[in-house]
Amino acid sequence: MTDHTLSQKKYYFSFDEDIVAKKFKNVDDFVWYMQIKYGIDFNQPNLLLLNEIQYSKDILQIFNELLARNIRTQIIATGIIHTRSQEYQQLIQSGYVRTITVYPFSFFDFLDMKDIHTTYLSLQNPSQVVFKEIQWLFDEYMIRWWYPAVVTSSTQDRKQQALRAIIQKVYDKDVWFYFNGDEILLFQDLFQSLCRQTMTGYNLKTLARELDISLPLLKKYVTFFVDNCLIESIPYFYENKKRELCHQEHVALSDTGLVSYMTKNYGSKLYDEKSIKNFICIELLQHIASDDVLMTYKKINNSAIDFVISHSDGTLTPIMVSDKNTTTVPKIYNNFSEYYGHRIRRYIKATPLLAGQSTYREKDFVCVPYFMISKCFVE
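Everything numeric here is computed off the predicted structure, so don't read it as measured data. (Residues numbered from 1 in each chain as written. Predicted model: local features only at pLDDT ≥ 70, side-chain atom pairs only at ≥ 80, totals over all residues. Heavy atoms only, no water.)

Next up on the list: the sheet that holds strand S5 (residues 231–234). Ordered by their spatial adjacency, 3 strands build an open sheet running S4-S6-S5, and the pairing between neighbours is antiparallel. Both outer strands of the open sheet, strand S4 (201–202) and S5, are each paired with one neighbouring strand and no more. Of the strand pairs in this sheet, S5 and strand S6 (residues 249–253) are connected by 4 bridges, and their pairing is antiparallel. When the sheet's bridge partners are listed, Ile231 is paired in S6 with Leu253. Packed on one face of the sheet, helix H8 (residues 186–196) meets S5 and S6 and runs near 105° to S6. (Pairing = 2+ DSSP bridges. Helix = DSSP H or I, 4+ residues; strand = E, 2+ residues; numbered from the N terminus. Contact = heavy atoms within 4.5 Å. Axes fitted to C-alpha atoms, helices over the stretch in contact; angles between N-to-C directions.)

Here it is as structure tokens:
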């Protein structure tokens, strides 16, 4: 993570608010416009935050061409472009992706944007004093930091007003485009249902019956939620139907601003179990390898592992989320190891503030604070 210098100039630009920018065709158009609008010198160590990049059709190609010029300005881009898209993977392979973060921001990107030095935050040098100092920032991030008007609001009423304006924009910009008539009115009921079921299994037929709507319409809405990065569907890991569940998917919510609005929770969700698991899920999806698959795991007797990463080489990484700061190995790892121990890459346990490394059944056992879960996959 690059630490910002005091002399660094910062610029903000949103493609959503500029008609000309939506029509950029190549890197020369982009550079010329930014120089005219802001006087940006891309050979200087500036910071340029580009928002709503989905409104620029050729932006990823422009990034490739721009970064190939070895510019010094750091570009951070946000928008509804999934980090596993083919274009994004091409940027990773190009070697220039270190200067770009695509929506949604991870917690460490958030710290970087706050000008917080992050190089000293590592699993090799844990410090509970430092972890506790970071805790209030994690609290802010959990509220949904990339809605600045919500984060900076001092009261719940102001947070509610800010979110109401944002949700109205979602209706105006997205929902009204995809749905007609009474279908539009189902948006809030459907999303509230998914909010209640975040990080738990859900069945489309059961949900359609409970809400008294047609299954095709429900599937259309779920597709809309996925395509607009509002939710992620997490499948079960299973290899034996007699001992493991396999018939339902879990749902993770990418847009915690919507969660706050729909659940009327405008304060911190830091200590809510589902919210913590949801946060960890989104962090994992951003940082695991593109060929890896994030899954959940539950036995027939309902004992469960929160997450299992199925790696492309056939190995597995189980992850348990705990509300206690202990190094105790979760009991379910004993049973999971009996069947899959030969395939385990390492075991991970996420805790509120504890970091540490040891050995369990001849494999690495890592304890990591919630907000540092990404460090297990980028170091």
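Attention shifts here to the pairing of strand S9 (residues 316–321). In terms of burial, S9 is largely enclosed, as 6 of its 6 residues are buried. The alternating pattern of S9 places Leu316, Pro318 and Met320 and Thr317, Ile319 and Val321 on opposite faces, both of which are buried. Where strand S8 (residues 304–310) lies against S9, 4 bridges are found, and the strand directions are antiparallel. Counterpart to Phe307 in the pairing with S9 is Ile319. The turn joining S8 and S9, which pair antiparallel and follow one another in sequence, is formed by 5 residues; a positive phi near 95° is taken by Gly314. Summarising the sheet, S9 and strand S10 (residues 347–351) pair through 3 bridges and their orientation is parallel. Note that in S10 the partner of Met320 across the bridge is Lys349. Chirality of the crossover, the property in question, places the unit of S9, helix H13 (residues 332–340) and S10 among those that are right-handed. (Buried < 20%, exposed > 50% of the residue type's maximum accessible area, 1.4 Å probe, protein only. Right-handed = clockwise from strand over helix to strand, strands pointing away.)

In this structure, Asn302 takes a positive phi of about 75° despite not being glycine. Secondary-structure assignment places Asn302 in the loop between strand S7 (293–298) and S8. The backbone of Glu362 shows a phi angle near 65°, a positive value even though the residue is not glycine. Residue position: Glu362 is located in the loop between strand S11 (356–360) and strand S12 (363–369). For Glu362, a relative accessible area of 77% gives the class exposed.

Before going further, it helps to examine the side chain of Thr351. Looking at where Thr351 falls in the secondary structure, it is placed in strand S10. Not counting residues up to four positions away in its chain, the partners in contact with Thr351 are Ser322, Lys324, Asn325, Thr326, Val368, Pro369 and Tyr370.

Now for the nonpolar core. In terms of nonpolar packing, the biggest core is built from 39 residues, with Phe107, Phe279, Ile280, Phe307 and Phe371 touching the most fellow members. Counting residues per element, the ones that place at least two in this core are helix H4 (107–113), helix H5 (128–144), helix H12 (273–287), S8, S9, S10 and S12. It is H12 that contributes the most residues to this core, 7 residues altogether. Setting aside chain neighbours within four positions, we find Phe371 in contact with Phe107, Phe108, Phe131, Ile134, Gln135, Phe138, Phe279 and Leu353. Formed by 31 residues, the second largest nonpolar core is a distinct cluster that contains Ile166, Leu194, Leu207 and Tyr261. (Core = buried A, V, L, I, M, F, W, Y, C linked by side-chain atoms within 4.5 Å.)

As a further point, take the packing of aromatic side chains. Across all of its chains, the model carries 27 aromatic pairs by this definition. Between Phe107 and Phe108, the aromatic rings sit 6.0 Å apart at their centres with planes inclined by 90°, giving edge-to-face as the arrangement. Here Phe107 falls in the buried class, since its relative accessible area comes to 0%. The exposure class assigned to Phe108 is buried, which follows from its relative accessible area of 5%. Between the aromatic rings of Phe131 and Phe371, the centroid separation amounts to 5.8 Å while the plane-to-plane angle is 80°, which identifies the pairing as edge-to-face. Taken together, the residues Phe131 in helix H5 and Phe371 in the loop between S12 and helix H14 (375–378) connect sequence positions 240 residues apart. Of the two residues examined, Phe131 and Phe371, each falls in the buried class. Each residue in the set Phe107, Phe108, Phe131, Phe138, Phe279 and Phe371 is aromatic and connected to the rest through ring pairs, giving one cluster. One Lys or Arg, Arg243, reaches over the ring of Tyr339 and ends 3.5 Å from the middle of that ring. (Phe/Tyr/Trp six-rings, centres within 6.5 Å; stacked < 30°, edge-to-face > 60°. Lys NZ or Arg CZ within 6 Å of the ring centre and 35° of its normal.)

Before going further, it helps to spend a moment on the pattern of salt bridges. The tally for this structure, following the rule as stated, stands at 8 salt bridges. Between Lys220 and Glu183 there is a salt bridge, and its shortest N-O distance comes to 3.8 Å. One end of the pair, Lys220, is in helix H10 (residues 215–227); the other, Glu183, is in the loop between helix H7 (156–178) and H8, and 37 residues separate them in sequence. Glu183 sits in the partly exposed class, given a relative accessible area of 25%. Here Glu244 ties to Arg243 by a salt bridge, and the two come within 3.2 Å at their closest N and O atoms. For the pair Glu244 and Arg243, a shared accessibility class is recorded, and that class is buried. One continuous salt-bridge network, built from bridges that share partners, spans Glu273, Lys277 and Asp306. (Salt bridge = Lys/Arg side-chain N within 4 Å of Asp/Glu carboxyl O.)

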